Amino acid sequence: MDRRIHRVGQNAPNMDAAPRHPRTLVDKIWDDHVVLDGKGAPSVLAIDLHLVHEVTSPQAFTGLRRRGLKVAHPERTVATADHSVPTTPRNLPILDAMAAAQVDQLTTNCTEFGIPLHGLGSPSQGIVHVIGPQLGLTQPGMTIVCGDSHTSTHGAFGALAFGIGTSEVEMVLATQCLLQRRPRSYEVRVDGRLAPGVSAKDVILNLLSRIGVGGGTGHVFEYRGSAIEALSMEQRMTICNMSIEGGARAGLIAPDDTTFEYLAGRAHAPKGREWDSAVERWRALPSDPDAAFDRTISIDASALEPMITYGTNPGMGLPISAAVPDPAATEDGPGRRALESALAYMDLQPGQPILGQKVDVVFIGSCTNGRISDLRLAAAALKGRKIADGLRLMVVPGSDEVKREAEREGLHEIFRAAGADWREAGCSMCIAMNGDQLTPGQYAVSTSNRNFEGRQGKGGRTFLASPLTAAASAVAGVVADPRRLPGIEALAAVGGR
Amino acid sequence: MAKPYASFSSKVIPLPAENVDTDQIVPARFLKVTDKEGLADALFRDWRYEADGGLKEPTFVLDKPGMAGRQILLAGDNFGCGSSREHAPWALVAWGIRAVITSSCADIFRGNSLKNGLLPIIVDAETQRQLFELVAREPDVELTVDLESQVVHLPGDEDLPFDVDPFSKLMLLKGTDELGYLLDKAPEIEAWERRHPARIDTRLDAGT
């Protein structure tokens, strides 16, 4: 059946043989997973790994029950509770009855359908996009989906990973496949060296400020270039994580030695001989040298400053030393109205410097910047310092394992001594479903991924930035430039992995 | 599961904002439901209501007189960006919206909408501008959405053709869903799986 469909013209090649035309990383993963080429209909694409959480899955399980279906491959599915869970001590009950019911429902669903669950209280619980890589489940060349738009995070490993809706969650549960059309490709070249104090978060915020929140629609980003190759896995995850903020469902980076070193020895990574053959397979994944992309953009890493957002979507960002743009200076039209409306919501004045803007809350965490290297950077910046009077600093590790590692390294002591609130793992104030939220009118510097109106609590105002910028701002009580932190060269080198 | 998507006529709700994200369409605090009930009340909640539950001043377009019952939303560019929550189309459909006319919409939102009887109609920016002008001039103008012939009929015999994914069109017109289609491919999926061993075992005891 498949052979017939894959046959092209007069030739009937072995479908596993490499075609003659050069292919991108995405092409290779796509070709490896096409079960059925659609001929007008979308292709049937096989999914290697399906991540499930409590918020976008309940209706999918209800759908399965209604149709009398089983989960096709519970052993390729994995679940955790992250979005609506409190970050207060785990011995306290979930006070929100609806959140408690949702978390209970996930447990019931996983038990009934045989899905492995890293649930609340488990040492491997955490944000779904933090635990996948941590457990070695996320591997190069895979197709990975989750009912969560930040699934793009896993693209850092050279996997084709993208967010899906609940109907698609049900489809993958039932068949381990999805109906998809081949995405267009978008090369994001980042060459040069990042200055101390400038990090992966600043690279992605810079890209978004250039292309806007719809610039990548219909495409998959492939991040390449010397600056990308120099990044650690956790920094690569930060970049891929926010691909969706540019409208691209997925963003990925070719696997290399950095990838393999990160993966080696992790719980679900291949072992022994299987590891060797996996690495050999993974080394063939990078885009062919002359592969063509549908679109391309270049960023000079050496010219980047720390970035921060000033508006109500992640594309409204600027270099931290710049001034808030003036709607009057932009062309009349929807763009100007959007800018006016964003500044009104944020209560910022056109032309005001963003540096020095008052901050009430600093949030360090999320699937974007809640990993151990993020916490190390923030702790290094906070060591021996106090946060500003009246400011609240919440540090929320991305997973229970990140929390334990941070505590082994004594980072929690640094945070507490600085006056921070050290919490349990979860999505927390990134999505503000769990009680961790801003009050109306408050300003936050946040290491998360979205500054939409009300995202961090109704009426709350968000400035997206890196962990270093967040820590510097927590000390200053206003938006602050991390490059002015004493010893920034040494500081910026902290992190690892 | 869904009803076949029949041709319909409706007045238009204009929402000229760009980059309307799904957090605005349904704020996250309404995502704690384990079913799809009650989402019409959550639709654009924080643009419609004050914290005390009273309507905002000025009133958001959905709550203006004469808007109830309208089935066409005319929206700014990049509608439905951000979170993958299918609650967004669920809420729009629950409120009564059946088509969103815009110059582009986000990929995940588009896919989610098409699976829920909500038709994204993508027009070029100039056409979008003209439609906003038309609705500003004639707030009660009635459009007819004809999916079968892929045309929006405007008053005065003017037709606005639009593209739609042929597969999604077929699914909408028949009122069938993609899962049913996929389940029919079980033999092909099984054959593929026999030739492609699983790349991962997620079971808790499989990790070491």
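Heads up: the structure comes first, above all this text.
Note that residues are indexed from 1 along each chain, following the sequence as it is written. Whichever chain is written first becomes A and whichever ligand is written first becomes 1, with later ones labelled in order. The predicted origin of the model limits local features to residues at a pLDDT of at least 70 and limits the giving and counting of side-chain atom pairs to 80 or more, whereas totals for whole chains, interfaces and linings rest on all residues. Hydrogens and waters are ignored; side-chain quantities use all the structure's heavy atoms.

(A) Main features of the overall build of chain A. Along the backbone of chain A there are 18 helices and 19 strands. Relative to the 2.2 N^0.38 estimate, which gives 23 Å for 497 residues, the radius of gyration of chain A is 22 Å and therefore close to what a compact globule would have. Counting the 497 residues in chain A, one finds 65% classified as buried. We call two residues contacting when some pair of their heavy atoms lies within 4.5 Å. Considering only residue pairs separated by 6 or more positions, chain A has 76% of its internal contacts joining residues 24 or more positions apart. In chain A, which carries 50 positive and 54 negative side-chain charges, the distance between the mean positions of the two groups comes to 2 Å. Labels follow the DSSP assignment, with helices taken as runs of H or I lasting at least four residues and strands as runs of E lasting at least two, numbered in each case from the N terminus. Values of the radius of gyration come from C-alpha atoms, whereas the globule rule sets the reference at 2.2 Å times the count of residues to the power 0.38. Only protein chains enter the accessibility calculation, which uses a 1.4 Å probe; a residue whose area is less than 20% of its type maximum is buried, one above 50% is exposed, and one in between is partly exposed. Counted charges follow a simple rule, with Lys and Arg positive, Asp and Glu negative, and His plus the chain ends left uncounted. Charged groups are reduced to one reference atom each: NZ for lysine, CZ for arginine, CG for aspartic acid, CD for glutamic acid.

(B) Inspection of the overall build of chain B at higher detail. Looking only at helices and strands, chain B features eight helices and seven strands. Here the C-alpha coordinates of chain B stretch approximately 65 × 45 × 30 Å along the principal axes. For chain B, with 208 residues in total, the buried portion stands at 53%. Contacts in chain B between residues at least 24 apart in sequence constitute 65% of all its contacts with a sequence separation of at least 6. Computed with a 1.4 Å probe, the accessible areas rest on the Shrake-Rupley method; for each residue, only the protein chains presented here act as cover. A total of about 9,100 Å² of accessible surface is found on chain B, and carbon and sulfur atoms cover 51% of it. Between the mean site of the 23 positive side-chain charges and the mean site of the 35 negative ones, chain B shows a separation of 4 Å.

(C) Focus on the environment of Gly365(A). All names here are of chain A. With respect to the helices and strands, the residue Gly-365 is situated in the loop between β15 (361-364) and α13 (366-369). A relative accessible area of 0% means that Gly-365 is categorised as buried. Separated by 341 residues in the primary sequence, Gly-365 and Thr-24 place their C-alpha atoms 33 Å from one another. Apart from the residues within four sequence positions on either side, Gly-365 is in contact with Gly-370, Val-396, Thr-447 and Ser-448.

(D) Here's a closer look at the environment of Leu160(B). Residue and element names in this part refer to chain B. Assignment of secondary structure puts Leu-160 in strand β7 (residues 158-161). Classification of Leu-160 by relative accessible area gives buried; the value is 12%. Note: C-alpha distance between Leu-160 and Val-93 (67 residues apart in sequence) is 23 Å. Setting aside its immediate chain neighbours within four residues, Leu-160 contacts Val-123, Thr-127, Leu-131, Gln-150, Val-151 and Val-152.

(E) Seen up close, the pairing of strand β18 (residues 443-446) of chain A. Residue and element names in this part refer to chain A. With burial as the criterion, each face of β18 is covered, one bearing Tyr-443 and Val-445 and the other bearing Ala-444 and Ser-446. Any two strands with at least two DSSP bridges between them are considered paired. In terms of strand pairing, β15 meets β18 through three bridges, oriented parallel. Note that in β18 the partner of Val-361 across the bridge is Ala-444. Examined bridge by bridge, β18 and strand β19 (residues 461-464) share four bridges and lie parallel to one another.

(F) Structural detail: empty space enclosed by the protein. Residues and elements named next belong to chain A. Space inside and on the surface of the protein is sampled on a 1 Å grid over the protein atoms alone, with a cavity defined as a set of points where a 1.4 Å probe fits but cannot get out and a pocket as an open set with protein on both sides within 12 Å along at least 5 of 7 lines; lining residues have an atom within 4 Å of a point. Grid points are joined across faces, edges and corners, and a volume is the space filled by probe spheres set on the points. Under the defined criterion, the tally for this structure stands at two cavities of 30 Å³ or more. The calculated volume of the largest cavity comes to roughly 200 Å³. His-83, Asp-148, His-150, Ile-431 and Arg-455 are the residues nearest the centre of the largest cavity, which is lined by 22 residues in total. Under the convention adopted here, Pro, Cys and the residues Ala, Val, Leu, Ile, Met, Phe, Trp and Tyr are nonpolar, Asp, Glu, Lys and Arg are charged, and Gly plus all remaining residues are polar. The residue inventory of the lining of the largest cavity, partitioned by class, reads seven nonpolar, eleven polar and four charged. Looking at the second largest cavity, its volume works out to about 50 Å³.

(G) The arrangement of the packing of helix α14 (residues 372-382) of chain A against helix α16 (residues 411-418) of chain A in detail. Residues and elements named next belong to chain A. Their axes nearest at 9 Å, the elements α14 and α16 cross at an angle of 45°. When the interaxial angle is binned, α14 and α16 end up oblique. As for the relative orientation of α14 and α16, their crossing is left-handed in sense. Contacts from Ile-372, Leu-375, Arg-376, Ala-378, Ala-379 and Leu-382 of α14 reach α16 at Leu-411, Ile-414, Phe-415 and Ala-418. A class-by-class count of the residues in the contact of α14 with α16 yields nine nonpolar, no polar and one charged. For every element, the axis is a line fit to its C-alpha atoms; helices are fit only across the contacting stretch, and the angle between N-to-C directions ranges from 0 to 180 degrees. Relative orientations are named as follows: roughly parallel for angles under 35 degrees, roughly antiparallel for angles over 145 degrees, roughly perpendicular for angles from 65 to 115 degrees, and oblique for any other angle. It is the rotation of the near helix from the far one that decides the hand of a crossing: anticlockwise by less than a right angle makes it left-handed, clockwise makes it right-handed.

(H) Representation of the sheet that holds β18(A) within the structure. Residues and elements named next belong to chain A. An order of β17-β16-β15-β18-β19 is seen for the five strands of this open sheet, with the pairing classed as parallel. This sheet does not close on itself; its edge strands, each paired only once, are β17 (421-422) and β19. Taken strand by strand, helix α17 (residues 467-476) contacts β15, β16 (392-395) and β18, and its axis lies near 150° from that of β15.

(I) Up close: the interface of chain A and chain B. At the junction of the two partners, chain A supplies 83 residues and chain B supplies 60 residues. Interface area, chain A with chain B, both sides summed: about 5,900 Å², of which 59% is carbon and sulfur. What counts as buried area is the accessible surface, traced by a 1.4 Å probe, that two parts surrender upon association, with contributions from both included. For chain A, the biggest contributors to the area lost against chain B are Gln59(A), Arg67(A) and Lys458(A); these three give 11% of the whole. The salt bridge criterion pairs a side-chain nitrogen of Lys or Arg with a carboxyl oxygen of Asp or Glu, the two atoms within 4 Å. On the surface where chain A and chain B come into contact, there are nine salt bridges. A salt bridge links Lys115(B) to Glu168(A); the shortest N-O distance between them is 3.5 Å. N or O atoms closer than or at 3.5 Å make up a polar contact, with two conditions inside protein: a donor-capable atom paired with an acceptor-capable one, and, for residues adjacent in sequence, both atoms drawn from side chains. Our count for the chain A to chain B interface comes out at 28 residue pairs in polar contact (both at pLDDT 80 or more). Top contributing element to the side of chain A that touches chain B by residue count: helix α6 (residues 166-175) of chain A, with seven residues.

(J) Layout of the packing of aromatic side chains. Residue and element names in this part refer to chain A. Any pair of Phe, Tyr and Trp rings, taking the six-membered ring for Trp, is counted once the centres come within 6.5 Å. Such a pair is stacked with planes under 30 degrees apart, edge-to-face with planes over 60 apart, and tilted for the rest. Applying the stated criterion across every chain yields a total of 14 aromatic pairs over all chains. Ring plane angle 55° and centroid distance 5.8 Å describe the contact between Phe-221 and Tyr-223, whose orientation is recorded as tilted. Of the two residues, Phe-221 and Tyr-223, neither departs from the other in class, the shared state being buried. Consider the rings of Phe-415 and Trp-422, whose centres lie 5.7 Å apart with planes at 20°: the pair is stacked. The burial state of Phe-415 is the same as that of Trp-422; both residues are buried. The structure contains a cluster of three or more aromatic residues connected by ring pairs, namely Tyr-186, Phe-221 and Tyr-223. A cation over a ring is seen here: Arg-266 above Tyr-262, with NZ or CZ 3.8 Å from the ring centre. Note on geometry: a ring has a charge over it if NZ (lysine) or CZ (arginine) is within 6 Å of the ring centre and within 35 degrees of the ring normal.

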